[in-house]
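# Descriptive structure summary
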Amino acid sequence: MGDLNSSVDFYQKNQRREQNHAGGFGCTLQELRSLMELRGSEAIQKIQDSYGDVNGLCRRLKTSPTEGLSENIADFEKRRQIYGVNFIPPKKPKTFLQLVWEALQDVTLIILEIAAIVSLGLSFYAPPGEQSDNCGNVSGGGHDEGEAEAGWIEGAAILLSVICVVLVTAFNDWSKEKQFRGLQSRIEQEQRFSVIRNGQVVQIPVAELIVGDIAQIKYGDLLPADGVLIQGNDLKIDESSLTGESDHVRKSVEKDPMLLSGTHVMEGSGRMVVTAVGVNSQTGIIFTLLGAGGEEEEKKDKKAKKQDGAVAMEMQPLKSAEGGEMEEREKKKKK
């Protein structure tokens, strides 16, 4: 009986730790990320095994498939802390000096640089025999001396042209990148999406989408987050931005309910429950692998390691207590 009670207590404590890690919700961040990596029948089987159906997933996320989330600011902040915000940190912009260095890697400019250096070196180099000849022919060497003294101008002109080309190229790249980032931030701020909150359809900025939102999707939409389809009407999605396949994929609750961020709705309409946003969505994961949002992921990894360390420290007393019980039982058996 003592062994049974200790194992039950240990299991209950592990359950409490998992619930705390999920912040009171029935799904952890890692569970949702692994769920969105599945497709087709595998995804449906996983949903059935873990949640029963899509409605069970909504209950775990404490949202209603028809009413959506309630306007509770504290709940919104809690969801953002646990599941992240719908924002992918952009890749760190290149400095002007980095752009100058990249411009210098052009093969044509490298050849011109070498030619300029060789020309400058030859203009300043005078063989010893030529100096003695010039001393003997002073009257006829005035013109040649002038050409020798002006020989460096050709090499310097080549170097100056290379510097001008590099600076102009770097400045153009820097200004284009600045304009692109400004346009991208303006689009992110102005783009809005339809969600159901308190039973009403409202338009909110894409950056305010959170896990548990019930989003309405229709023809022409660019999906801003990952989600699971709740209800669909002849829905077809273009997933070429992620998979490279040009064929439109039919989505339905019965066959393939997984909707991914960065894909386009080509036909139909429907409703989905948001399950991953920002760097935790499939688009965010790809951007992170390409270098964008790396700092954010490093911070999350550090936090996860700290949490794992705290859990290990909590488990050590349990293991030592179990070890003590085992030693006492062994002593009793020997007696």
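Thresholds applied
- Residues numbered from 1 in each chain as written.
- Predicted model: local features only at pLDDT ≥ 70, side-chain atom pairs only at ≥ 80, totals over all residues.
- Heavy atoms only, no water.
- UniProt positions renumbered as here; feature names shortened; annotations may be inferred.
- Helix = DSSP H or I, 4+ residues; strand = E, 2+ residues; numbered from the N terminus.
- Buried < 20%, exposed > 50% of the residue type's maximum accessible area, 1.4 Å probe, protein only.
- Contact = heavy atoms within 4.5 Å.
- Areas by Shrake-Rupley, 256 points an atom, 1.4 Å probe, with all protein chains shown as cover.
- Phe/Tyr/Trp six-rings, centres within 6.5 Å; stacked < 30°, edge-to-face > 60°.
- Lys NZ or Arg CZ within 6 Å of the ring centre and 35° of its normal.
- Pairing = 2+ DSSP bridges.

Per an unreviewed UniProt entry, the protein is named P-type Ca(2+) transporter, and its organism is Xenopus tropicalis. Turning to the protein, the UniProt record has this under Subcellular location (unreviewed entry): "Endomembrane system".

With that out of the way, let us pick up the overall build of the protein. When helices and strands are tallied, the protein shows 13 helices and seven strands. Here the protein holds 335 residues, and 31% of them are scored as buried. Of the contacts made within the protein by residues no fewer than 6 positions apart, 72% connect residues no fewer than 24 positions apart. Within the structure as shown, the protein displays about 21000 Å² of accessible surface, and the carbon and sulfur contribution to it stands at 56%.

This brings us to the packing of aromatic side chains. Applying the stated criterion across every chain yields a total of two aromatic pairs. Ring centres of Phe25 and Tyr83 lie 5.7 Å apart, and the angle between their planes is 50 degrees; on these two criteria the pair is classed as tilted. Taken as a pair, Phe25 in the loop between α1 (2-21) and α2 (29-35) and Tyr83 in helix α5 (residues 73-83) lie far apart in primary sequence, 58 residues in all. Under the relative-accessibility criterion, Phe25 is labelled buried at 5%. Centroid distance Phe171 to Trp174: 6.1 Å. Interplanar angle 35 degrees. Geometry classified as tilted. With Phe171 and Trp174 both in helix α10 (residues 152-190), this residue pair falls three residues apart, about one helical turn. On the basis of relative accessibility, which here comes to 35%, the residue Trp174 falls in the partly exposed class. Geometry around Phe25 places Lys62 over its ring, the cationic atom sitting 5.5 Å from the centre. Over the face of the ring belonging to Phe25 we find Lys78, whose NZ or CZ atom lies 5.6 Å from the ring centre.

Bridging between strand β1 (residues 192-197) and strand β2 (residues 200-205) involves six bridges; their strand directions are antiparallel. Its bridge partner lying in β2, Arg197 is registered against Gln200. With antiparallel pairing between neighbouring strands as the criterion, β1 and β2 make up a hairpin whose turn holds two residues, including Asn198 at a positive phi of roughly 60 degrees.

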